[in-house]
Amino acid sequence: MSFTTLGLDPSLLATLTALGYTTPTPVQLQAIPAAIAGGDLLVSSQTGSGKTAAFLLPALQRLYKPSPLSGMGPRVLVLTPTRELALQVQKSCHGYGNGQRMRTASVVGGMPYGLQLKLLSRPVDIVIATPGRLKDHMDRRTVNLGRVELLVLDEADRMLDMGFQEEIDAIVAKIPKERQTLLFSATLEGIVGHLAQRVTRNPARITIARVAETRPDITQHALVADNHAHKVRMLDTLLREEEVDQTLVFTATKRAAEDLSGELLGKGFDVGALHGDMRQRERSQMLQRLRDGKMKVLVATDVAARGIDVPGINLVVNYDAPRQAEDYVHRIGRTGRAGRAGVAVTFLGAQDRNLVRQIERFTGNKVSMMVIPGLEPKGRGASASRVLPAAAGAGRGHEPSRRRGY
Ligand code: AMP
């Protein structure tokens with residue numbers, strides 16, 4: 001299978017070749033020709049499936065033809081749940097549209113209005129936006145959606161999870177009915193199905209079987225935790241392990257991320273917090289410190305941590321266990337980047353009894369129950385027989401161990 005049979009313009013094919021893409025992924029194979037044909041699509045696919053190219057390549061191809069409408073608004077609108085994803089999509093746009101004359105603007109929350117106003121007051125082809133901020137611009141009449149020919153809802157399930165339903169409906173109401181709509185989501189059931197009914201016309205459904213989420217490069221452990229104090233002691237021990245380079249710690253709430261990072265700071269760790277309530281500037285600075293290796297521990301919430309790609313992270317700790325196996329996969333995927341080995345450790349509270357089995361079924365990976373010597377749980381689960389090896393095996397097999405500035 002190659003890209004040549006999908007109906008893509010030769011210049012896009014040349015870019016793909018230059019990027020080293022030889023074979024379309026399953027979602028690209030199905031969605032690209034269907035999108036080029038012009039109909040609406042409902043696509044269930046996961047992050048990492050290659051879905052961004054599946055909608056951007058047809059979007060870029062569309063821009064080769066002139067717009068039938070004059071004016072300034074975008075011809076393509078991509079809605080994403082988070083600013084990080086929006087910026088990533090914008091970057092991909094320029095990657096896939098290399099050499100093409102095309103103007104993009106990201107319109108996301110947490111960024112100053114000034115630049116966005118400037119970008120929106122000029123001709124623009126593709127706007128990539130988070131629903132809240134775009135709705136603000138709509139209300140201020142600083143964006144014209146009357147020229148949109150193609151609407152993409154990326155990670156629609158996440159947008160609804162984040163409470164953007166009203167904004168999405170308001171935005172869609174301003175876009176011409178003759179548009180093409182492509183909706184991407186991990187699931188097409190439930191409220192996503194209802195949204196799909198409202199925003200698409202006779203959509204074709206494309207369901208991509210979940211690729212096995214197996215990550216043999218990530219060693220996965222679970223530890224039973226009695227309470228907060230026990231978790232902090234275990235975390236403290238893990239963070240001091242010699243082979244741990246950088247660590248990403250997940251908490252369930254923004255508040256918990258703040259509190260825990262404060263507690264770790266008090267223990268002398270070089271630590272920061274990342275969550276959705278922070279200004280974009282603070283978040284960018286925090287991520288830069290992490291990338292530069294100046295910060296060793298980042299405590300984050302699920303949403304804030306999506307898309308973090310820092311090769312130095314060789315330990316992920318689920319301080320609060322994820323709600324579902326899918327979130328687990330996203331979380332642990334923040335380690336083991338760039339072909340390195342990583343370790344994921346999950347603390348299990350009383351309510352997380354069935355989680356390990358669910359995760360194992362979902363991922364096909366083994367999650368070993370472990371204990372840290374001297375920090376055995378008093379309650380349930382004290383029977384775990386395996387002892388967490390030194391450094392939790394972190395970094396095993398790649399870099400020589402060295403202690404760094406804890
Ligand atoms: P996505 O699911 O869109 O976030 O894509 C996941 C990653 O796969 C991105 O880093 C893409 O650059 C890469 N990718 C997408 N399509 C292909 C392809 N056909 N061949 C190789 N890499 C790809």
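These remarks concern the structure in this document. The structure displayed is predicted, hence computed values, not measured ones.

### Structural notes on the packing of helix α2 (residues 26-37) against helix α3 (residues 51-62)
The contact between α2 and α3 brings their axes to 9 Å, and the two run at 25 degrees. Taken together, α2 and α3 sit at an angle that is classed as roughly parallel. Note on packing geometry: the crossing formed by α2 with α3 is right-handed. Contact with α2, carried on its side by Val27, Gln28, Ala31, Ile32, Ala35 and Ile36, involves Lys51, Ala53, Ala54, Leu57, Pro58 and Gln61 of α3 and no other residues of that element. Partitioning the contact of α2 with α3 into residue classes produces nine nonpolar, two polar and one charged.

### Some words on the site of the ligand
In the region of the ligand, 13 residues are neighbours, and Tyr21, Gln28, Gly48, Gly50 and Thr52 sit closest. Between a nitrogen atom of the ligand and a side-chain N or O atom of Gln28, the distance comes to 2.7 Å. Considered on its own, the ligand offers 500 Å² of accessible surface; in the complex 65% of this is hidden by protein. Of the residues that constitute the shell around the ligand, the class distribution is four nonpolar, eight polar and one charged.

### A look at helix α14 (residues 325-332)
Of all eight residues in α14, eight are buried, a share of seventy percent or more. Looking at α14, one finds that the buried residues are Ala325, Glu326, Asp327, Tyr328, Val329, His330, Arg331 and Ile332.

### A look at the sheet that holds strand β3 (residues 104-107)
Within a sheet, each strand pairs with its neighbour through backbone hydrogen bonds, oriented either parallel or antiparallel. Pairing in this open sheet of seven strands is parallel, and the strands run β3-β4-β2-β5-β6-β1-β7 from one edge to the other. Looking at which strands have only one partner, the edges of the open sheet turn out to be β3 and β7 (204-207). The sheet shows a mean angle of 15 degrees between the axes of neighbouring strands, taken without regard to direction. Of the pairings in the sheet, the one linking strand β2 (residues 76-79) to strand β5 (residues 150-153) comprises four bridges and is parallel in character. Along β5, the bridge assignment pairs Leu79 with Leu153. Contacts between α3 and the sheet are confined to β2, β4 (126-129), β5 and β6 (180-185), with β6 contributing the most and set at about 165 degrees to the helix. Running over the sheet, helix α9 (residues 190-199) touches β1 (41-44), β5 and β6 and is turned about 175 degrees from β6.

Thresholds, definitions, all that
- Residues numbered from 1 in each chain as written.
- Predicted model: local features only at pLDDT ≥ 70, side-chain atom pairs only at ≥ 80, totals over all residues.
- Heavy atoms only, no water.
- Axes fitted to C-alpha atoms, helices over the stretch in contact; angles between N-to-C directions.
- Helix = DSSP H or I, 4+ residues; strand = E, 2+ residues; numbered from the N terminus.
- Parallel < 35°, antiparallel > 145°, perpendicular 65-115°, else oblique.
- Left-handed = near helix turned anticlockwise from the far one by under 90°.
- Contact = heavy atoms within 4.5 Å.
- Nonpolar A, V, L, I, M, F, W, Y, C, P; charged D, E, K, R; others polar.
- Near = heavy atom within 4 Å.
- Polar contact = N/O pair within 3.5 Å; in protein donor to acceptor, adjacent residues only side chain to side chain.
- Areas by Shrake-Rupley, 256 points an atom, 1.4 Å probe, with all protein chains shown as cover.
- Buried < 20%, exposed > 50% of the residue type's maximum accessible area, 1.4 Å probe, protein only.
- Pairing = 2+ DSSP bridges.

All quantities given are derived from atomic positions and should not be read as evidence of function.
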